[in-house]
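This is what each chain is made of:
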Amino acid sequence: MAIVHKGASIVPSKLELLTRWMPQQRWYAGKGQVPQLERVGGFRFEDPEGEVGVEVLLVADRSASPVVVYQVPLTYRGAPLEGAESALVGTMEHSVLGPRWVYDGPHDPVYVAGLVDTILSGGRSDSAQASHGGNAVAVGAPTGLAAGSVTSSTVLSGEQSNTSIICRMSAPGGGPAEPLIVKVFRIVQHGDNPDVVVQSALTRDGSTRVPAAFGHLSGAWDDPTGSGAEQRGHLAFAQEFIPGVEDAWRVALVAAAAGTDFTARAEDLGVTTAEIHRSLAASLGREEATPEAQDALLRSMRERYAAAVAAVPDLSSRAADVDNLLGRVRTVRWPPLQRIHGDYHLGQVLDVPQRGWVALDFEGEPLRPLSERVRPDLVQRDIAGMLRSFDYAAGSVRLTDAGRADAAPEAWAADCRQAFLAGYESVAGEFDADGRTLVRVLELDKALYEVVYEARNRPSWLQIPVHAVDRILSEKGPAR
């Protein structure tokens, strides 16, 4: 049991340190804001050597509306951690222990070892015993597919909303074991994280089309709205790590730039996607679409079209075509809804030798509320996302080769789109006219979202989704 020095003074306080440090982190959502932090929960892991303090803080940021709860693992050391200068949160003076160097936990091997051991063993954390905010312990839930201890770890760079840690492992009896990767969710929300639920369900179903799920960590914290209730959710997720592979975006981009035939790979990706959807339907069920679901899609698309017109006023000339297509949403027959990927594109798929395509990151669109991301949806949303991704690969080639006058990239994308749909339908059955209409509707929805994103963040790429909007509205249906 970790020793907690009650009554000790700390200067500066933990929340003061975090207030200065968090705005510099990529996962902090309140860009340009000064955090207003309150501890709403937390727990500890024990260092077997008794040298390093390991604490996970769950803090509510009241500068945001609605309030956002962040997970911030911290380690406290009596001397600097060699090689971890970039992970230093700050230094503080502890009235009992003296000067303490405070680090971002995922970069400290003591935190990582405690986290992974708790997940794989089904263990429980220590209580934080704090005087303010909740002190519920965190609990590990293993799948039984992995065991062992961490020998070394590395944090992946470049992530936006989470922190993923690659862990080299040793087997329980000694010797190396297969590596794993554990994702620490930085923004936590009440309810089950879809990445954990969906990927775990696919693992239980025996699917090799996703990395195997090894287990997760769950915890609880005080409701930041002050209701007095307790909120619960997933805090971390451990899964199979597949080293030395490229994602489908890089593989497709090389093919598009060279004009290499990619239709066989695209067709196999369609097969993979259909197999994933079939497994999810079998393991997590389906439900009939309701008028409310139709209304929600129409409302969302009209809002996206309005936002796209505000960004690119010329799109207002397509208002009649948009209204005509959206009007068909109410008249077509919807298939049953089910759990899907939710943010599907070429960058979410790995090209694994001797295994094929392997899909990742089933969290859905990270900026959408969790309550929306866990809802059953149309499989056509995933299909539309991948069709748009092929278009982006071709558009990227066009942008980087501005002097190119031929239509080869566009023809490459059209062939890939047709092959992907053919592969999907070879497993799931051919879409009827209603099913094809829904693909087209959701492809338009995605393209409108892209218009707004590119106008705000990457104007030089804006032509890609704008051209797509024109193409989709001019088609009678998706590519066949």
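Preceding this section is the structure that the text describes.
Cut-offs used in this document
- Residues numbered from 1 in each chain as written.
- Predicted model: local features only at pLDDT ≥ 70, side-chain atom pairs only at ≥ 80, totals over all residues.
- Heavy atoms only, no water.
- Helix = DSSP H or I, 4+ residues; strand = E, 2+ residues; numbered from the N terminus.
- Buried < 20%, exposed > 50% of the residue type's maximum accessible area, 1.4 Å probe, protein only.
- Contact = heavy atoms within 4.5 Å.
- Phe/Tyr/Trp six-rings, centres within 6.5 Å; stacked < 30°, edge-to-face > 60°.
- Lys NZ or Arg CZ within 6 Å of the ring centre and 35° of its normal.
- Pairing = 2+ DSSP bridges.
- Axes fitted to C-alpha atoms, helices over the stretch in contact; angles between N-to-C directions.
- Core = buried A, V, L, I, M, F, W, Y, C linked by side-chain atoms within 4.5 Å.
- Parallel < 35°, antiparallel > 145°, perpendicular 65-115°, else oblique.
- Left-handed = near helix turned anticlockwise from the far one by under 90°.

> What is the right way to look at the side chain of Arg77 in this model?
With respect to the helices and strands, Arg77 occurs in strand S4 (residues 68–77). Given a relative accessible area of 15%, Arg77 falls into the buried group. Excluding anything up to four places from it in sequence, Arg77 contacts Val52, Pro99, Arg100, Trp101, Tyr103, Asp108, Pro109 and Val110.

> I'm lost on the packing of aromatic side chains in this one. Help?
Aromatic rings in a pair are described by how distant their centres are and how their planes are angled relative to each other. For the structure on display, the rule yields 10 aromatic pairs. For the pair Phe45 and Tyr111, a centre-to-centre distance of 6.1 Å together with 45 degrees between the ring planes defines the contact as tilted. Within this pair, whereas Phe45 is found in strand S2 (residues 37–45), its partner Tyr111 is found in helix H2 (residues 109–121), the two being separated by 66 residues in sequence. The burial state of Phe45 is the same as that of Tyr111; both residues are buried. The rings of Trp21, Trp27, Tyr28 and Tyr70 are connected pair by pair, giving a single aromatic cluster. Above the ring of Trp461, the side-chain terminus of Arg458 is found at 4.0 Å from the ring centroid.

> How should I be thinking about the sheet that holds strand S14 (residues 230–240) in this particular structure?
Sheet strands line up and pair through hydrogen bonds in the backbone, either parallel or antiparallel. Taken together, the six strands give an open sheet; going across it, the order is S8-S13-S14-S11-S10-S9, and neighbouring strands pair in antiparallel fashion. Across the chains shown, the open sheet's two edge strands, defined by having one partner strand only, are strand S8 (139–142) and strand S9 (149–155). For this sheet, the mean inter-axis angle between neighbouring strands, taken without regard to orientation, is 25 degrees. Sheet strands in contact with H2 are S8, S9, strand S10 (162–170), strand S11 (176–185), strand S13 (213–222) and S14, and its direction is about 100 degrees off that of S11. The sheet strands contacting helix H3 (residues 194–204) are S11, S13 and S14, and the helix crosses S14 at an angle near 45 degrees.

> Please clarify how the nonpolar core should be interpreted in this entry.
In a soluble, globular protein the nonpolar side chains are often hidden away together inside. Core analysis: the largest hydrophobic core is formed by 38 residues, its most contacted members being Phe262, Leu269, Ile383, Met386, Phe390 and Trp412. Of all the secondary structure elements, the ones that give two or more residues to this core are H3, helix H4 (248–258), helix H5 (263–284), strand S19 (356–359), helix H9 (379–400) and helix H10 (408–428). At eight residues, the largest contribution of residues to this core is made by H9. Once you skip the residues sitting within four places of it in the chain, Phe390 turns out to touch Phe262, Ala266, Leu269, Leu346, Trp412, Ala413, Cys416, Arg417 and Phe420. Judged by nonpolar contacts, the second largest core, of 36 residues, contains Val40, Val110, Val116 and Ile165.

> Honestly, the packing of H9 against H10 in this entry has me stumped. Any pointers?
For any two helices packed against each other, one specifies the crossing angle of their axes together with the interaxial distance. At their nearest, the axes of H9 and H10 sit 8 Å apart, and the two run at 160 degrees to each other. The orientation of H9 relative to H10 falls into the category roughly antiparallel. Every pair of crossing elements has a handedness; the one defined by H9 and H10 is right-handed. From H9, Val379, Ile383, Met386, Leu387, Phe390, Asp391, Ala393, Ala394, Val397 and Arg398 reach across to H10, where they touch Pro409, Glu410, Trp412, Ala413, Cys416, Arg417, Phe420, Leu421 and Tyr424.

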